[in-house]
Amino acid sequence: MATQDPPPELKITDVTLRFGGVTALDGVSLAVAPGEVCGLIGPNGAGKTTLFNCVTRIYRPDAGSITFGGTDLLSVRPDRIVRLGIARTFQNLALFPSLTVLENTLVGAHARTPSGFAAAMLGWPTTRSKQRALTAEALEILDDLGLGGLAHQPAAGLPFGTLKRVELARALAARPRLLLLDEPAGGLTHAEVDELGELIVRLASERGLGALLVEHHMGLVMGISDHVVAMESGRRIADGRPEDVRADDRVISAYLGRAS
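Just so we're clear, the structure is a prediction, and the values are computed from it rather than from any experiment.

1. Overview of the pairing of strand β7 (residues 178-182)
Looking along a regular strand, one sees the side chains alternate between the two faces of the sheet.
Part 1 of the argument: With respect to burial, β7 is a largely interior element, five of its five residues being buried.
Part 2 of the argument: With five bridges joining them, β7 and strand β8 (residues 210-214) adopt parallel strand pairing. Each residue of the ladder has a partner; that of L179, found in β8, is A211.
Part 3 of the argument: The parallel pair β7 and β8, bridged by helix α7 (residues 190-207), forms a crossover whose chirality is right-handed.

As structure tokens, this is what we get:
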């Protein structure tokens, strides 16, 4: 009997979003299964980050549907998205420089708790036992990402590549089932990009995470993605195996460029 593919964790169907007279997304569809890395590519302005913002409810589409694990995300309040199991990193670092690496990681953990980060930092009695458990969990994540020795260092002044890992640790502390990775390789050295790729693949495999990866680094995308979706001007122009998308004439014309 043939093995069936796992059902999609994230399913985006015919999503359209307009800003005034500009169509930012035009009937976009894609799906990400558990444990799968999906690369999302396209030139600047193609709509990739806009699509992320629809999934996390920063924007509400004019048409189409977005479901996660069978839940209609468009009926969920934006502040509840993390608690459903969706965590995000950002193109521009969104860390707190004055907080330690551990405290920045704990921000992700408290995003999934009713009491929140502020209550824990204030040490309210009802949260203290929970805080100890979350701290132990955050330290395990930092160790797993090779950041354990920096747990009590302030984020300010740490190398950029290290800060990218801290942001990933914060996302993992939310116990996600889906990671939305927005340009995670931006600003990294070649060696750091290679390490990042290995890390994403390992996390997807070991934790069963789905990952939707927006990235301009084609070597990373094509090297680690199970399938790749290409966008141009708010439309999906290709969706398939990395080698097939890489060879698609529409993708070559729109984004990758032809060798002279």
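Picking up after the structure, the text goes on.
2. A short note on the packing of helix α6 (residues 160-172) against α7
Part 1 of the argument: Two elements in contact, α6 and α7, have axes separated by 11 Å at closest approach and are oriented at 15°. Here α6 is positioned roughly parallel relative to α7, judged by the angle of their axes. The hand of the α6/α7 crossing is right-handed. Facing G161, R165, L168 and L172 of α6, the residues of α7 in contact are E192, E195, L199, L203 and R207.
Part 2 of the argument: For the contact of α6 with α7, the per-class residue count stands at four nonpolar, one polar and four charged.

3. Some words on the nonpolar core
Part 1 of the argument: Of all hydrophobic cores here, the largest spans 50 residues; its most connected members are I41, L145, L168, L172 and L179.
Part 2 of the argument: Here this core gathers at least three residues from each of two domains, domain 1 (1-85 + 176-260) and domain 2 (96-173).
Part 3 of the argument: In terms of nonpolar packing, the next biggest core, distinct from the first, is built from 28 residues, V32, V76, L178 and V214 among them.

4. What to know about the packing of helix α3 (residues 101-110) against α6
Part 1 of the argument: The contact between α3 and α6 brings their axes to 6 Å, and the two run at 40°. Classed by the angle they form, the pair α3 and α6 counts as oblique. Note that α3 runs across α6; the crossing there is right-handed. Contacts from V101, N104, T105, V107 and G108 of α3 reach α6 at V166, A169 and R170.
Part 2 of the argument: Split into classes, the residues belonging to the contact of α3 with α6 amount to four nonpolar, three polar and one charged.

5. Considering the environment of I224
Part 1 of the argument: Turning to its location among the elements, I224 is positioned in helix α8 (residues 218-224).
Part 2 of the argument: Residue classification places I224 among the buried positions, given a relative accessible area of 12%.
Part 3 of the argument: Between the alpha carbons of I224 and E198 there is a distance of 7.9 Å; along the sequence they are 26 residues apart.
Part 4 of the argument: Not counting residues within four places of it along the chain, the set of residues in contact with I224 comprises V37, G197, I200, V201 and L213.

6. Description of the sheet that holds strand β5 (residues 71-72)
Where strands meet in a sheet, backbone hydrogen bonds hold them as pairs that are either parallel or antiparallel.
Part 1 of the argument: Ordered by their spatial adjacency, four strands build an open sheet running β2-β1-β4-β5, and the pairing between neighbours is antiparallel. What marks the edges here is a single partner per strand, and that holds for β2 (22-32) and β5.
Part 2 of the argument: When strand β1 (residues 10-19) meets β2, the two strands line up antiparallel, connected through seven bridges. Counted as the bridge partner of K11 is A31 from β2.
Part 3 of the argument: Packed onto the sheet, helix α1 (residues 48-55) meets β1, β2 and β4 (63-68) and runs at close to 110° relative to β1.

7. Regarding the sheet that holds β8
Part 1 of the argument: Ordered in space as β6-β7-β8-β3-β9-β10, the six strands form an open sheet in which the pairing is mixed. Either end of the sheet is taken by a strand with one partner, and the two such strands are β6 (86-89) and β10 (235-240). When strand polarity is set aside, the average angle formed by the axes of neighbouring strands in this sheet is 15°.
Part 2 of the argument: Relative to β10, strand β9 (residues 227-232) runs antiparallel, the two being bridged by five bridges. Residue pairing in the sheet places M231 in a bridge with R236 of β10.
Part 3 of the argument: Across the sheet, α1 lies against β3 (37-41), β6, β7, β8 and β9, angled at about 145° from β7, the strand it touches most.

The rules behind each value
- Residues numbered from 1 in each chain as written.
- Predicted model: local features only at pLDDT ≥ 70, side-chain atom pairs only at ≥ 80, totals over all residues.
- Heavy atoms only, no water.
- Buried < 20%, exposed > 50% of the residue type's maximum accessible area, 1.4 Å probe, protein only.
- Helix = DSSP H or I, 4+ residues; strand = E, 2+ residues; numbered from the N terminus.
- Pairing = 2+ DSSP bridges.
- Right-handed = clockwise from strand over helix to strand, strands pointing away.
- Axes fitted to C-alpha atoms, helices over the stretch in contact; angles between N-to-C directions.
- Parallel < 35°, antiparallel > 145°, perpendicular 65-115°, else oblique.
- Left-handed = near helix turned anticlockwise from the far one by under 90°.
- Contact = heavy atoms within 4.5 Å.
- Nonpolar A, V, L, I, M, F, W, Y, C, P; charged D, E, K, R; others polar.
- Core = buried A, V, L, I, M, F, W, Y, C linked by side-chain atoms within 4.5 Å.
- Domains from an automatic or database assignment.

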